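# A structural walkthrough
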Amino acid sequence: MDFKYDIIVVGAGHAGCEAACAAANLGSKTLLITMDMNKIGQMSCNPAVGGIAKGQIVREIDAMGGQMGIVTDRSAIQFRILNRSKGPAMWSPRSQSDRKRFIEEWTKTVSNTPNLYLWQDTVTELIVENDEVKGVKTLLGVTMKAQAVILTNGTFLNGLLHFGKTQIIGGRISEPASFGLTEQLKSLGFATGRMKTGTPCRVDARSINFDAMAEQKGDDDFHKFSYLDTVKRELKQMSCWITYTNEQTHEELRKGLKDSPLYNGQIKSIGPRYCPSIETKIVTFADKTAHQLFIEPEGVDSQEYYINGFSSSLPLQIQLNALKTVKGLENIQLYRPGYAIEYDFFDPTQLLHTLETKRIKNLFFAGQINGTTGYEEAAGQGLLAGINAHQNCHGGAPFTFGRNESYIGVLVDDLVTKGVDEPYRMFTSRAEYRILLRQDDADMRLTERSYKLGLAKTDRYQLLLQKKEKQADLLSFIQNYSVKPAQINPFLESRGLAELRFGCKLNDLILRPQLGIYDLAEAVPELKTKIDNIETQPEEVVESTEIIIKYSGYIDREKQIAEKLHRLEDIPLKGRIDYQKVNSISTEARQKLIKIDPETIGQAARIPGISPNDVNILIVLLGR
Amino acid sequence: MTICAISTPNGTGGIAVIRVSGPDTVSAVSTIFRPKNEAHVLCDRPGYSMTFGSIVQPGTGEAVDEVVVSLFRAPHSFTGEDVVEISCHGSLYIQQEILKLLVQAGCQLARPGEFTQRAFLNGKMDLSQAEAVADVIASTSAAANRLAMNQMRGGFSTELNRLREKLLNFTSLVELELDFSEEEVEFADRGQLQQLADEIHHVIEKLCNSFALGNAIKNGIPVAIVGETNVGKSTLLNLLLNEDRAIVSDIHGTTRDTLEDTVNLNGIQFRFIDTAGIRDTTDAVENMGIERTYQKIEQARIILWLVDCTAVTEHIEWLADRIIRRSEGKKLIIVFNKIDKIEPDERQILEQLFQPYPAERIYISAKKQINTEELTQALIHAAQMPEMSENEVIVTNLRHYEALNKALQSITQVQEGLQGNIPGDLLAQDIRECMHYLGEITGQISTDEILGNIFSKFCIGK
C-alpha cells in the first residue's frame with residue numbers, strides 16, 4: 001500500500017460512487033475516500049430515485065455502463081412510470097428504494113469493482129503544483145498521490161444544519177462537516193457561494209393511521225431502470241400514501257414563523273424554488289388551504305416513513321404540532337425532525353464540459369459541489385467526471401455529451417454555460433430535443449459510444465445489438481404486412497373501433513391512438529409469432545418499436561431541427577476571437593464571453609446575456 | 001479598418017456621393033480635403049456638420065473638385081462609426097479620382113453591403129432591419145418605400161417580438177403541465193390554451209396574408225394584358241412602358257411568350273404582363289404560349305382584355321368564356337382598341353355585344369394615344385391600394401414569408417393537437433417549432449447562411 005493512485009475520488013455519495021466505478025471499470029487505479037464506510041450511497045433526502053427527467057438520467061447512466069440503475073432496481077420497493085397519459089418523451093421511471101438495501105448494494109458494488117480501493121478518512125487539502133493537482137492530504141495525516149482528483153463533497157463543505165434556532169455544524173444529520181477545502185480552493189482563485197436545501201421529518205409507521213389516507217401502488221410490469229436483463233426487482237413491493245395538510249396545520253406552522261431560520265434571517269443562502277419547505281409554501285401560497293403530502297416507506301424491514309412535501313427547518317415542537325393536525329398523523333411519533341442545511345458550492349462556469357476545472361488541471365468537480373440538487377444529477381456528473389479523469393490519466397480524448405444526445409449533456413452544458421443561481425434540478429423543458437431523449441432509447445443513444453470507450457462491456461453491447469436487430473425486424477414486418485378488412489374488422493368491431501373499408505398496412509393501424517402492437521398481436525397471429533420469437537426483453541423491443549411508429553412524425557421533425565441547429569455547435573469559437581477587442585458587443589456580453597470562454601458558437605448563443613445579435617456579430621467576425 | 005465607396009449609382013450624374021466609414025475617416029479625408037474657410041479644419045468640426053472646400057492632390061495641392069463634406073461622428077452615424085460623405089460633382093473621372101486618393105490615404109474599398117454590415121455589427125439594427133435597407137434602396141414606389149422604411153425602423157421586429165412573447169406565455173403553460181404533473185399546481189385548461197393558440201394563429205395568418213399585398217407593393221401589381229392575336233397588346237404595353245419593349249408587327253401571333261415590365265403610375269408600381277394572343281390554333285409552340293397566358297391571368301390582380309374594335313367576331317363568346325372564367329375575384333377591364341377606326345353607331349353595337357360581361361369598359365387608341373389617360377386612371381383606381389397606416393406591418397420579403405408560413409403550419413398543428421387532445425409534450429414541440437421559425441426571421445436563431453445571403457445582396461456603397 002503506497003497511497004499512489006491514478007485517480008482519487010473524494011466522497012462516496014451518488015456522484016462519488018459513480019465516478020469511482022466508471023474510472024476503475026475503465027482501468028484506472030482508483031481510490032474512493034469516504035468519511036464513513038457505512039454510508040456509501042446514502043440517500044440524504046427521500047428514499048426515491050428517478051422521476052420526471054431524472055428517471056431518464058438514470059437510464060442514461062445505465063446505458064453508459066454506470067451503476068445507479070442496477071443498484072436502484074435491486075433495492076426498489078415500488079416502481080412506477082410517471083406521466084403515462086402524456087407522450088413517450090414524458091414517460092419517466094421512478095422508484096422507491098429500501099434505503100438500507102440501497103447502501104448495501106452500493107457497498108457491494110464498489111467493494112467488488114476491480115481497480116477500486118477504499119479509504120475511510122476526511123480530505124482536508126489538495127496537493128497542487130503549478131496549477132495541476134497531484135494528490136490529497138487527510139485528517140488522519142496521510143498524503144496520497146494521484147494524477148487526477150474528483151471532488152464530490154455534496155453538502156459537507158462547511159455544512160451547517162438548522163433545526164429552528166438550533167444550529168449544528170455538520171454535513172448531514174449526525175455527521176461531521178468538512179473544512180479546509182473551500183478555503184484552499186478560494187485561495188487558488190475559485191469563486192464560491194452558499195446554497196440551502198432541506199429535508200422533512202422521518203416518522204414511525206406504527207403511529208400512522210393508513211386507513212385515513214389514499215393508497216398509491218406501484219406499477220407491476222416489465223419496466224425498470226437497467227437495460228441489463230440480469231437485473232431484477234427483488235424486494236417486496238410497498239405502497240406510498242397520500243394525505244393533505246389543512247387550515248389548522250397552517251395555523252400551527254404560522255405560529256413558528258418567527259423562529260423559522262428561513263424567515264428570521266438565520267439562513268441567507270438560496271434554496272430551490274421548485275422544492276420549497278412547508279413554511280415557504282404557506283407564506284408564498286397563503287390562499288391555498290391544503291397541500292398534498294406523500295408518506296413514503298423507507299424500507300421493507302423498517303418502520304421508518306418519509307413525509308414528502310413537509311420539508312422544514314421550523315423548531316421541532318412546531319413540526320410535531322403541525323403534523324398532528326394532518327389526517328392520519330394525529331398520533332404521530334417522530335424519529336427525527338426535518339432540517340435545513342447550508343453548504344458551499346463552486347460556480348460551475350469554472351468548469352469545462354468534461355467537468356475538469358479550468359483553473360487546476362486534472363481537478364474535477366461533480367454533484368452538489370457544482371450547485372446541482374438530486375441524486376440522479378449528481379450521479380450523471382460523477383460518471384462523466386470519472387470517465388474524463390481516466391481519459392486524462394491515459395492520454396484519451398475528452399469525452400462529452402451533446403444536448404441532443406442526453407440529459408446529462410443538457411445538464412453539464414447548462415452548468416458550465418449558464419452557471420446556477422439556485423440549486424439546479426433537471427426538467428424535461430431544459431432539453432431542446434425532448435422527444436429524442438426518451439427513457440426507452442437511452443441505450444440506442446449511448447451504449448455504443450460507451451462500448452467504444454471501454455466502459456460498457458460486451459454483455460451490454462450484445463444486448464443493444466440484439467435489441468436493434470429485433471426492433472428493425474419487427475418494424476419492417478409491421479410496415480410491410482398488409483391487413484385485409486375481413487381479417488381485422490371483427491377485432492376492430494369487438495373493440496368498438498372504426499372498421500376498415502380497404503386493406504392497409506399494419507403500420508397504419510398502429511398509428512391509431514387506441515391501438516398498440518400487443519393489441520394487434522391478438523388479431524394477427526403472424527405478429528404474435530414475431531413477438532414470441534424475441535428471446536430477450538420482448539416488452540422493451542415492442543415498446544420502443546411502437547414509439548418509433550406512433551411518433552415518427554415528431555421524431556423526424558425534431559431530428560431535422562436538431563441537425564440544422566447543430567451546425568452552430570460545429571463552429572469552433574474558443575481562442576479565435578479576442579473579446580477584449582470587440583467593441584461592437586455590449587460590455588456585459590464581452591465579460592460573459594471572457595468568463596465562460598465558450599467552445600462553439602452554439603454554446604455562446606446559450607450564455608445568458610448574449611443576445612442573438614451578439615451571436616450574429618461573432619459569426620460575422622469569424623468570417624463566415 | 002476604414003472603408004470607402006461611391007454610394008450613388010454607377011455613371012455620370014449631377015452630383016455623386018462618396019462615403020467613408022471607420023476609425024480613421026477624419027484623418028484620411030483631412031489629408032485630401034482643404035476647407036474653403038481655413039478655420040473649418042475637419043478634425044475640429046462637430047458631428048452633423050457640412051464643410052465646403054476642395055479635394056486636393058496631397059503632393060501638389062492641385063484641386064480635383066469643389067465638394068461639400070458631411071461629417072457624422074461615432075456612434076451617431078449610419079454605421080455607428082465616424083462617417084464622412086463627400087458630395088462631389090458627378091463626373092466619373094472625379095468620382096474615381098477621389099476614390100483613388102482615399103485609398104492612397106489608407107482607406108480600403110468597401111465590399112458589397114459592408115456599410116450595412118458594420119451598422120449591424122455595431123448594433124445599429126437587427127437582421128430584419130438590415131434586410132430592409134436593401135429594400136429601401138431598391139424601392140421603386142412610394143408604398144414600397146414606406147413599407148421598407150417601416151421594417152428598417154423595426155416595426156416588423158416589434159410585431160414579431162410581441163408574437164414571441166405570446167408564444168412564450170403559451171409554451172410555459174404547456175411545459176408547466178409536463179414537468180410538474182406530480183406536483184400540486186393548477187394547469188391551464190384546454191379552452192384557455194385554445195384561445196391563446198387562436199390568437200397567435202390570427203396574428204401569424206394576418207402577417208402571411210399581408211405578403212400578397214406586400215409583394216404587390218414591392219414587385220408591382222400584376223396586370224395581365226390579354227386578348228386575341230393582333231389586337232395591339234404589344235403596342236399597348238409599349239405605350240404603358242413608354243418604350244419599344246415588345247416586338248410589334250402585323251403578323252398574327254408575334255408574341256409567343258409572355259413579356260413583363262414594371263412601371264410606376266401615380267406612385268403605384270404596376271407589373272404589366274404582355275401575353276400571347278388567345279386563339280384556336282394547332283401550332284404546338286403557340287399553344288404552349290396560350291397555356292402560359294392562362295397561367296398569367298391566374299397570377300394577375302388586374303386583367304386588361306384588349307379588343308380590336310374593327311375585328312369583333314362571334315368568336316368573342318368563345319374567348320369571353322375563357323377569360324371571364326379565369327378572372328373571378330380579380331379586376332377585369334375590357335379595353336377597346338383602335339377606337340379611331342370605327343363610327344359611333346358601331347360603338348353602340350359593341351356596347352350591346354359586351355353588355356353581359358361584368359367588366360369596366362374603356363375605348364382607346366393605343367397607336368394614336370387616344371383616351372390613354374382614362375386607362376391610366378382606371379388602372380390606378382383598380383389597384384385600390386388599401387390605405388396603409390404608418391404602423392401596419394406588411395411582409396414583403398420572401399424569406400420572411402416562407403418562415404411565417406412554416407410558423408403558421410406549426411401553430412395550426414398546435415390548434416389541431418388541442419382539439420385532438422394530444423399529449424402536452426407533442427404540443428410543446430409544435431410550439432417550439434413555431435418559435436423556431438419566427439426566430440429565423442429576426443435572427444433569434446441565426447444560421448451563418450442567412451447572414452451570408454443577406455450581406456451579399458447589397459450593392460457597393462451600402
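### Overview of the overall build of chain A
Across its full length, chain A carries 21 helices and 22 strands. Rg of the C-alpha trace for chain A: 26 Å, near the compact-globule value of 25 Å for 624 residues, within the 12% margin. The principal-axis extents of the C-alpha atoms in chain A amount to approximately 80 × 70 × 55 Å. Looking at chain A as a whole, 51% of its 624 residues qualify as buried.

### Concerning the domain arrangement of chain A
Where interface size is given, it is often the accessible area lost as the parts come together that is meant. Residue and element names in this part refer to chain A. Split into domains, chain A comes out as domain 1 (202–337), domain 2 (459–557) and domain 3 (570–621). Taking only C-alpha atoms, the centre of domain 1 and the centre of domain 2 are 42 Å apart. Listed per partner, the contact involves four residues of domain 1 and six residues of domain 2.

### Observations regarding the sheet that holds strand β5 (residues 63–72) of chain B
Residue and element names in this part refer to chain B. Within the open sheet, the seven strands sit side by side as β3-β4-β5-β6-β2-β1-β7. Their pairing is mixed. Of all the strands in the sheet, just β3 (33–35) and β7 (108–109) have a single pairing partner and so form its edges. Pairing of strand β1 (residues 3–6) with strand β2 (residues 15–21) involves four bridges; the strand directions are antiparallel. The residue bridging isoleucine 6 from the neighbouring strand is isoleucine 18, located in β2.

### Some points on the domain arrangement of chain B
For chain B, the domain assignment lists domain 1 (3–110) and domain 2 (220–383). Inter-centroid distance (C-alpha atoms) of domain 1 of chain B to domain 2 of chain B is 52 Å.

### Considerations on unusual backbone geometry
Residue and element names in this part refer to chain B. The omega angle of the peptide bond from alanine 74 to proline 75 is 0°, so this bond is cis rather than trans. With respect to the helices and strands, proline 75 occurs in the loop between β5 and β6 (83–89). Even without being glycine, lysine 338 reaches a positive phi, approximately 60°. Counting through the fold element by element, lysine 338 comes out in the loop between β12 (331–337) and α11 (344–354). Positive phi, close to 65°, is recorded for asparagine 371, a residue that is not glycine. C-beta crowding within 10 Å serves as the criterion here: with 17 such atoms nearby, asparagine 371 is assigned to the partly exposed category.

### Things to note about the environment of A:Tyr407
Residue and element names in this part refer to chain A. Its place among the elements puts tyrosine 407 in helix α10 (residues 407–418). As for tyrosine 407 and phenylalanine 346, which are separated by 61 residues in sequence, their C-alpha atoms are 21 Å apart. With near-sequence residues (within four places) excluded, tyrosine 407 lies in contact with Ala53, Gln56, Ile57, Glu60, Met426, Ala431 and Leu437.

The rules behind each value
Residues numbered from 1 in each chain as written. Chains lettered and ligands numbered in written order. Predicted model: local features only at pLDDT ≥ 70, side-chain atom pairs only at ≥ 80, totals over all residues. Helix = DSSP H or I, 4+ residues; strand = E, 2+ residues; numbered from the N terminus. Rg over C-alpha atoms; globule rule 2.2 N^0.38 Å. Buried ≥ 20, exposed ≤ 12 C-beta atoms within 10 Å, placed from the backbone. Domains from an automatic or database assignment. Contact = placed C-beta atoms within 7 Å. Pairing = 2+ DSSP bridges.

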